[in-house]
Amino acid sequence: MNPLFDRLLLNLSLVRRLALQQQRLTERLGLLLLWAVVVGILGGIVISCGVAVRAVDESAEKIGAAFQEGRRGRLTEEEQAWAKTAWKYFENNYNPQSGLVNIKDGYQLVTMESVADYIIALMSARELEVISKHEFDSRLSLVFGFLNTMQLAFGEVPNVNYNAVSMRPTDFANKEGTIGWAVNHIGRLLVVLRLLRNRFPQYGEYADRVVLRWSFCNLVDKKGNLYSAVNVKGKPERYFDAKHGWKEYTARGFKAWGFPMDSSAKLDPVETIRIFDVELYFDGHDERESGGNNAVTTMPYAYMAMEFGWENIPYLAIDTRYYDQMQAVYEVQKRRHEREDIFTARAQHDVNVAPYTVYDAIFSNGYKWTTISSNGVYYPFLSAVSTKAAFGMWAVWKTSYTDLLMLITSQLFDPARGWYEGRIEKTGDAVRTLTCATNAAVLEALHFKKTGRLYVKAKEENDLYNIYLRDDFNAIRRCFPVKPK
């Protein structure tokens, strides 16, 4: 028989096996992708058999990453009940004086990250029909009222903390004062405001006004490097803030508002480690010397997938290796369960004892599967299966492993109060802390299942924000990206 024909049959057989393995693809997309792979193989064979083999390999990578779909479809009765349980948190922790929701059950404080989570929860609850149009509008209006009047740190950008009742900027003890700003929190809010204004364009003007109040001069430089700041004797002392995972997510938030983010959209500088034969990227700076951490966790990647999908949208493009990392973060946790029989869904979570917040890391500060505080102290007895990470993984990766994760996560709630933070690895006991972040993540995961990625393209050229950017004087003065007239 003709050797070239044999090669063709072999490669077509490989393609069929690849196609059968992709359970996450819809039938239509699977057929289109299969046709594209076949065309690539035939073209490769004309040149050489070696090119044909590479075409199969490249297509396998695309199937595993760029064309990932996750769970899709209407919510089941049980899943709708999950959404209603999550919303209980936002009913119980609502402050009518301000319209804000506590960052943690009963603790009257908010950050820009928790405000962003609340807005996500509002959008998701509305689109899942957990709340009415009227409740959505009433609550969102009060959030806009806060964001458009809050006192800014040093007159530039939002402070790290605010009291959830008085709406005044506070210190780490929730006493009135100025801490500075956290660029990743601001990046999270920028992402969510863009999602909101595109999905609900009738509120676009008010979202634009929030961002137009700020000055970006000390927040991001012309190369796209990101900076946080602390209050030192009444002045902001900024520092380079670029933790892998959140850095690229934050960069996409800035890109969504027109900022060039060449530096932060790249993974470099980066190092790699292999765990269970899975290659992971991590920040190579040894945080043990500075007392911090460089934790690799689930949530920045889960948020990226739920909010922007697996398409590297050209005008929001980031380093393509980020998508490899997204898949690797899932795969290494699945393999830990397969090889060590330890359920794994790792993320930052809160507890009711000191240090109150810990980072369950896949890798951090030189160690695998470690649990660490923000200042680098180890707390192995607090390692947990994170509820928000489990829901994020369940939504984004439709696999037998995430089905199993939900079996041990789906009952971690108080029906009158909301979802708990997770389940302790070493004991199986529940982490009975309740937070805005976890309950918002549950709603977001269910929202993603029903509608797909949250980001939608919208016409933006003549909105308030872009009109402002055409005013060179104002835009340059506060370091906004200038738009051509």
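Worth saying up front: this structure is predicted, and the values here are computed from it rather than measured.

Trainee: If you had to explain the sheet that holds strand β7 (residues 169-170) to someone new, which residues and values would you point to?
Mentor: Read from one edge of the open sheet, 3 strands run β3-β6-β7, paired in antiparallel fashion. The open sheet terminates on both sides in strands that have one partner only, identified here as β3 (109-110) and β7. Relative to strand β6 (residues 161-163), β3 runs antiparallel, the two sharing 2 bridges. The residue bridging Val110 from the neighbouring strand is Tyr162, located in β6.

Trainee: Let's hear about the sheet that holds strand β8 (residues 180-181): which residues, and what values?
Mentor: Strand order in this open sheet of 3 strands is β8-β9-β10, and the pairing throughout is antiparallel. Each edge of the sheet is formed by a strand with only one pairing partner; in this case those strands are β8 and β10 (235-240). In this structure, strand β9 (residues 227-232) lies alongside β10, joined through 6 bridges in antiparallel fashion. Along β10, the bridge assignment pairs Asn231 with Pro236.

Trainee: Tell me about the pattern of salt bridges, and please be specific about residues and values.
Mentor: As enumerated under the stated definition, the model contains 27 salt bridges in all. Residue Glu331 is joined to Arg335 by a salt bridge in which the shortest nitrogen-to-oxygen separation is 2.7 Å. Of this pair, Glu331 and Arg335 both sit in helix α11 (residues 321-340), 4 residues apart, roughly one helical turn. Among the residues examined, Glu331 registers a relative accessible area of 17% and is labelled buried. Salt bridges sharing partners connect three or more residues here, namely Asp117, Arg188, Glu307 and Glu444.

Trainee: Report on the confidence of the model for the protein, specifying residues and quantitative values.
Mentor: Averaged over every residue, the pLDDT of the protein is 87; the share at 70 or more is 84%. Low confidence marks residues 1-67, where pLDDT is under 50. Its contacts with residues over four positions away, or in another chain, come to 52 contacts.

Trainee: Would you mind going over the state of the cysteines in detail, with residue names and values included?
Mentor: Under the definition given, this model contains 1 disulfide. There is a disulfide in this structure between Cys217 and Cys479, and the S-S distance comes to 2.0 Å. Disulfide Cys217-Cys479: torsion about the S-S bond near 95°, hence right-handed. Of this pair, Cys217 sits in the loop between α8 (204-212) and β9 while Cys479 is found in the segment after α16 (472-477), placing the two residues 262 residues apart along the sequence.

Trainee: A description of the packing of helix α9 (residues 246-255) against helix α10 (residues 299-308) should follow, citing residues and the corresponding values.
Mentor: At a closest axis distance of 9 Å, the pairing of α9 and α10 adopts a crossing angle of 30°. Taken together, the axes of α9 and α10 are roughly parallel relative to one another. Of the two possible hands of crossing, α9 and α10 adopt the one that is left-handed. Note on element contacts: α10 touches α9 through Met299, Pro300, Tyr303, Met304, Glu307 and Phe308, opposite Trp246, Glu248, Tyr249 and Arg252. Its residues placed into classes, the contact of α9 with α10 shows 7 nonpolar, no polar and 3 charged.

Trainee: Mind laying out the packing of aromatic side chains, listing which residues take part and the relevant values?
Mentor: Throughout the structure, instances matching the rule amount to 37 aromatic pairs. Centre to centre, the rings of Trp87 and Phe90 are 5.3 Å apart; their planes meet at 25°, and the pair counts as stacked. Here the residue Trp87 and the residue Phe90 both occupy positions in helix α4 (residues 77-92), the gap between them amounting to 3 residues, near one helical turn. Taking the relative accessible area as the measure of exposure, Trp87 reaches 2% and is therefore buried. Among the aromatic residues, those joined into a ring-pair cluster are Trp214, Phe216, Phe254, Trp257, Phe259, Tyr465, Tyr468 and Phe480. For the cation-ring pair, Arg139 lies above Tyr94, with the distance from its terminal atom to the ring centre recorded as 4.3 Å.

Trainee: Before we move on, could you go through unusual backbone geometry and cite the residues and values that matter?
Mentor: Excluding glycine, most residues fall at negative phi; most peptide bonds, likewise, are trans. Each neighbour pair has its own omega, and for Asp268 with Pro269 the value is -5°, a cis peptide bond. You can see Pro269 is positioned in the loop between α9 and β11 (271-275). Here the amide bond leading from Ala354 into Pro355 is cis, since omega sits at 10°, within 30 degrees of zero. Within the element layout of this structure, Pro355 appears in the loop between β13 (348-350) and β14 (357-364). For Glu129, which is not a glycine, the phi torsion comes out positive at approximately 65°. Since its relative accessible area comes to 64%, Glu129 is described here as exposed.

Calculation criteria
- Residues numbered from 1 in each chain as written.
- Predicted model: local features only at pLDDT ≥ 70, side-chain atom pairs only at ≥ 80, totals over all residues.
- Heavy atoms only, no water.
- Pairing = 2+ DSSP bridges.
- Helix = DSSP H or I, 4+ residues; strand = E, 2+ residues; numbered from the N terminus.
- Salt bridge = Lys/Arg side-chain N within 4 Å of Asp/Glu carboxyl O.
- Buried < 20%, exposed > 50% of the residue type's maximum accessible area, 1.4 Å probe, protein only.
- pLDDT = per-residue confidence, 0-100.
- Contact = heavy atoms within 4.5 Å.
- Disulfide = S-S within 2.5 Å.
- Axes fitted to C-alpha atoms, helices over the stretch in contact; angles between N-to-C directions.
- Parallel < 35°, antiparallel > 145°, perpendicular 65-115°, else oblique.
- Left-handed = near helix turned anticlockwise from the far one by under 90°.
- Nonpolar A, V, L, I, M, F, W, Y, C, P; charged D, E, K, R; others polar.
- Phe/Tyr/Trp six-rings, centres within 6.5 Å; stacked < 30°, edge-to-face > 60°.
- Lys NZ or Arg CZ within 6 Å of the ring centre and 35° of its normal.

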